[in-house]
There are 2 protein chains.
Amino acid sequence: MPRIPALTVWPLEGIPEITAGTDLVEVIAQAAGSDLADGDILVVTSKIVSKAEDRFVVADDREDAITGETVRVVASRTSPTGHTTRIVENRLGMVSAAAGVDASNTPEGTVLLLPVDPDASARSIAAGLRERLGVEVGVIVSDTLGRAWREGQTDQAIGAGGIHVFEDLRGGTDAEGRPLIVTLPCVADELAGATDLVKGKSARLPVAVVRGRADLVGALDLPGARSIVRPLERDMFRLGADEAYADGFAAGAASARPSA
Amino acid sequence: MPRIPALTVWPLEGIPEITAGTDLVEVIAQAAGSDLADGDILVVTSKIVSKAEDRFVVADDREDAITGETVRVVASRTSPTGHTTRIVENRLGMVSAAAGVDASNTPEGTVLLLPVDPDASARSIAAGLRERLGVEVGVIVSDTLGRAWREGQTDQAIGAGGIHVFEDLRGGTDAEGRPLIVTLPCVADELAGATDLVKGKSARLPVAVVRGRADLVGALDLPGARSIVRPLERDMFRLGADEAYADGFAAGAASARPSA
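In this numbering scheme, every chain counts its residues from 1 along its sequence in written order. All chains are assigned letters beginning with A, and all ligands numbers beginning with 1, in the order in which they are written. For a predicted model such as this one, the threshold for reporting local features is a pLDDT of at least 70, and the threshold for listing and counting side-chain atom pairs is 80 or more; totals across whole chains, interfaces and linings nevertheless cover every residue. Derived side-chain values reflect all non-hydrogen atoms in the structure, with water molecules and hydrogen atoms excluded from consideration.

Caption draft 1: Geometry of the side chain of E190(A). Tracing the chain through its elements places E190(A) in helix α5 (residues 187-199). We define a polar contact as two N or O atoms separated by no more than 3.5 Å, with the added condition that, inside protein, one atom must be a possible hydrogen donor and the other a possible acceptor, whereas residues neighbouring each other in sequence contribute only through side-chain atom pairs. Of note is the side chain of E190(A), whose polar atom sits 3.0 Å from the backbone nitrogen of D155(B). We call two residues in contact when some of their heavy atoms are within 4.5 Å. Apart from residues lying up to four places away in sequence, E190(A) is in contact with T154(B), D155(B), G193(B), D196(B) and L197(B). The way it works is that DSSP assigns letters per residue, a run of H or I at least four long becomes a helix, a run of E at least two long becomes a strand, and they are numbered from the N terminus.

Structural data, given as structure tokens:
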């Protein structure tokens, strides 16, 4: 056994089925009992936040719900079988497949949208747990997201309250004393991913706790997960390659045509 | 305290400075002592694998070394201050900034390239530790990588030996019994990120252990981290938006010109 486990991660057992109006602070406090301590970080699956906030919408067609949540289509591709994958930017600025519209584990004929403001949700849960249990915890709201260039998904942070989402090493130096100018670890995403390893997708374990990085827990008004989203003007992949090519082709053709 | 911590993560202390030819199996076995058990997963920072494999190259200019490691430029952008960021595909198929060329913590005038074959390195370390210590461990070689659409970096898997890099839930069902058709958690990336949380960038803690997911550890000939790289034909972001637009523009202009 390790002499000092630097980090421990465990799921909260006994979280009941969440429905519209469930008090998540109450439910988490009940499940955690007296297990929580100052500096613990809770990662809450966005699905239960959405359910508690009654983000169900009636939708015969999931595609219509995705369209409704889409601010901008980043890329889309239709497979030989006719299935279209859409990568879109949603109102939170997040780029993901399907705009976070979730049709699994929802009542027939309904889909679940992402929380209206996941940072506000995370802050509210953190504030409630701090007040109720008297422990200074941080809260991350997580979602399962795909990535460019890499297959599969990882759980990432879409909301954060009372926690530093980045570990800012930019002002530090490496072991040789040279400045670490470009390293900005997104610890919130790493924490979300770590808890996915204990949650299990098919089990009902929507909340997990990470202990061992109390240094990341702080004031409730720290920047949220919205600050992880890269601004459009800095984004080299703001449009899919096929889509950007098509836009360029049209512009190029128009520019080369003899003017009337 | 949690009754049963589902996952524990700790760094190995006492790893000495790694130089060309260092036997990593020996060094890790010494540092781990009798702490390792069947099912443990070791995440080894690619930097020490590169050092042990003598991947130092003399380079007055880091940019030249990046060019040498680049198979294909995916996107590039020059800032107002004149600094050019290049996102490139390297010979491993990985898309990243700077092709994994590392100039921090290296002797003056040298840079460090990625291991020649990180999957082979991971398998070799796993095989060595299994033989030497008599415990069935899995090994991940990690690198710090940026992401499209999101600021900051996370540690991700670029090599894997004796471990399932994906948790394949595609054949499973959700709690309502509906098939989980699209979920393919990239557990190798989540494991790499979890260990970054205990390694610290400026400290010399290049190896960490994860205990609690023994189910992911398996045969040494399991697919490596190369299988995480999305094939080009499935990649909607194989080129930066500006680059794809420029290609399209040129093609559009050529198509619209009156033929000679």
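Here the narrative resumes, following the displayed structure.
Caption draft 2: Representation of the relation of the copies chain B and chain A in the model. Copy-to-copy alignment: least squares on C-alpha atoms, limited to residues at pLDDT 70 or above in both. At an RMSD of 0.0 Å, chain B and chain A line up after a rotation of 180 degrees and a shift of 0.0 Å along the axis. Given the turn and translation reported, the copies of this chain are related as if by a two-fold rotation axis. A share of 100% of the interface residues of chain B reappears at the interface of chain A, consistent with the copies meeting face to face through the same patch.

Caption draft 3: Local environment of unusual backbone geometry. Residues and elements named next belong to chain B. In this model, D54 sits at a positive phi of 55 degrees, which is unusual for a non-glycine residue. In this structure, D54 sits in the loop between α2 (46-52) and β3 (56-58). Positive phi is not limited to glycine here, since W149 has a value of about 70 degrees. Structurally, the position occupied by W149 is in the loop between β8 (138-146) and β9 (153-161). Using a 1.4 Å probe on the protein chains alone, a residue whose accessible area is under 20% of its type maximum counts as buried, one over 50% counts as exposed, and one in between counts as partly exposed. The class of W149 is buried, set by a relative accessible area of 9%.

Caption draft 4: Geometry of the pattern of salt bridges. A pairing counts as a salt bridge when a side-chain nitrogen of Lys or Arg comes within 4 Å of a carboxyl oxygen of Asp or Glu. For the coordinates displayed, the defined rule picks out 30 salt bridges over all chains. Between E151(B) and R234(A) there is a salt bridge whose closest N-O contact spans 2.8 Å. Within this pair, whereas E151(B) is found in the loop between β8 and β9, its partner R234(A) is found in the loop between β10 (207-211) and α6 (241-256), the two belonging to separate chains. For E151(B), a relative accessible area of 11% puts it in the buried group. Given the relative accessible area of 47%, R234(A) is considered partly exposed. Connected via shared salt-bridge partners are R77(A), D242(A) and R238(B).

Caption draft 5: Fine view of the pairing of strand β4 (residues 70-78) of chain B. At least two DSSP bridges between two strands are needed for those strands to be called paired. Bridge count between β4(B) and strand β5 (residues 84-90) of chain B: 7 bridges; the pairing is antiparallel. Paired with S76(B) across the strands is R86(B), a residue of β5(B).

Caption draft 6: Local environment of the sheet that holds β4(B). Residues and elements named next belong to chain B. If you walk across this open sheet you meet the 3 strands as β4-β5-β6, and the pairing is antiparallel. The sheet terminates laterally at β4 and β6 (95-97), the two strands that pair on one side only. Averaged over all neighbouring strand pairs, the angle between strand axes comes to 25 degrees, with direction disregarded. Across 3 bridges, the pairing between β5 and β6 is antiparallel. Axis lines are fitted to C-alpha atoms, over the contacting stretch for helices. Their N-to-C directions set the angle, which ranges from 0 to 180 degrees.

Caption draft 7: Local environment of empty space enclosed by the protein. A 1.4 Å probe that fits into a set of points on a 1 Å grid over the protein atoms alone but cannot get out defines a cavity; an open set with protein on both sides within 12 Å along at least five of seven lines defines a pocket, and lining residues are those with an atom within 4 Å of a point. Grid points are joined across faces, edges and corners, and a volume is the space filled by probe spheres set on the points. Considering all chains together, one arrives at 1 cavity of 30 Å³ or more under this definition. Only β8 (138-146), β9 (153-161) and α5 of chain A together with β8, β9 and α5 (187-199) of chain B provide two or more residues apiece to the lining of the largest cavity. All residues other than Ala, Val, Leu, Ile, Met, Phe, Trp, Tyr, Cys, Pro, Asp, Glu, Lys and Arg, Gly among them, are scored as polar; the first ten of these are nonpolar and the last four charged. Across the lining of the largest cavity, the residue classes tally to 12 nonpolar, 9 polar and 10 charged.

Caption draft 8: Up close: the pairing of strand β2 (residues 41-45) of chain A. All names here are of chain A. Of all 5 residues in β2, 4 are buried, a share of seventy percent or more. Bridge count for β2 against β8 is 5 bridges, and the pairing is parallel. Bridge assignment links I41 to a residue of β8, and that residue is G138. Pairing geometry for β2 and β10, over 4 bridges, is antiparallel. Across the sheet, I41 pairs through a bridge with V210, a residue of β10.

Caption draft 9: Structural view of the packing of helix α1 (residues 24-32) of chain A against helix α4 (residues 118-133) of chain A. All names here are of chain A. Where α1 meets α4, the closest approach of the two axes is 9 Å, and the angle between their N-to-C directions is 50 degrees. In terms of orientation, α1 and α4 fall into the oblique class. The interaxial crossing formed by α1 with α4 has right-handed handedness. Between α1, through L24, V25, E26, I28, A29 and Q30, and α4, the contact on the second element is made entirely by S124, I125, G128, L129, R132 and L133. Across the contact of α1 with α4, the residue classes break down as 7 nonpolar, 3 polar and 2 charged. Angle categories are assigned with fixed cut-offs, so that under 35 degrees is roughly parallel, over 145 is roughly antiparallel, 65 to 115 is roughly perpendicular, and the rest are oblique. The hand of a helix crossing depends on one turn: near helix anticlockwise from the far one by less than a right angle means left-handed, and clockwise means right-handed.

Caption draft 10: View of the sheet that holds strand β4 (residues 70-78) of chain A. Residues and elements named next belong to chain A. Pairing is antiparallel in the open sheet, where 3 strands are placed in the order β4-β5-β6. Looking at the sheet topology across the chains shown, the edges are occupied by β4 and β6 (95-97). Geometrically, the sheet is characterised by an average inter-axis angle of 25 degrees between neighbouring strands, direction not taken into account.

Caption draft 11: Quick look at the packing of aromatic side chains. All names here are of chain B. Centre distance within 6.5 Å is the pairing criterion for rings of Phe, Tyr and Trp, where only the six-membered ring of Trp is used; planes under 30 degrees apart are then read as stacked, over 60 as edge-to-face, and the remainder as tilted. Using the criterion set out here, one finds 4 aromatic pairs over all chains in the structure. Between W149 and F237 the ring centres are 4.9 Å apart and the planes differ by 80 degrees, which places this aromatic pair in the edge-to-face class. Taken together, the residues W149 in the loop between β8 and β9 and F237 in the loop between β10 (207-211) and α6 (241-256) connect sequence positions 88 residues apart. Each member of the pair W149 and F237 is classed as buried.

Caption draft 12: Geometry of α5(B). End to end, α5(B) covers 18 Å across 13 residues, agreeing with the expected 18 Å (1.5 Å per residue, within 8%). When you tally the buried positions in α5(B), you get 13 out of 13 residues, the bulk of the element. Take the number of residues in a helix, subtract one, and multiply by 1.5 Å to get its expected span.

Caption draft 13: Molecular detail of the environment of G212(B). Residue and element names in this part refer to chain B. Inspection of the secondary structure puts G212 in the loop between β10 and α6. For the pair G212 and S104, spaced 108 residues apart in sequence, the C-alpha to C-alpha distance is 33 Å. Ignoring anything within four residues of it in the chain, the contact list for G212 reads A6 and L7.

No statement about biological role is implied by the geometric values presented.
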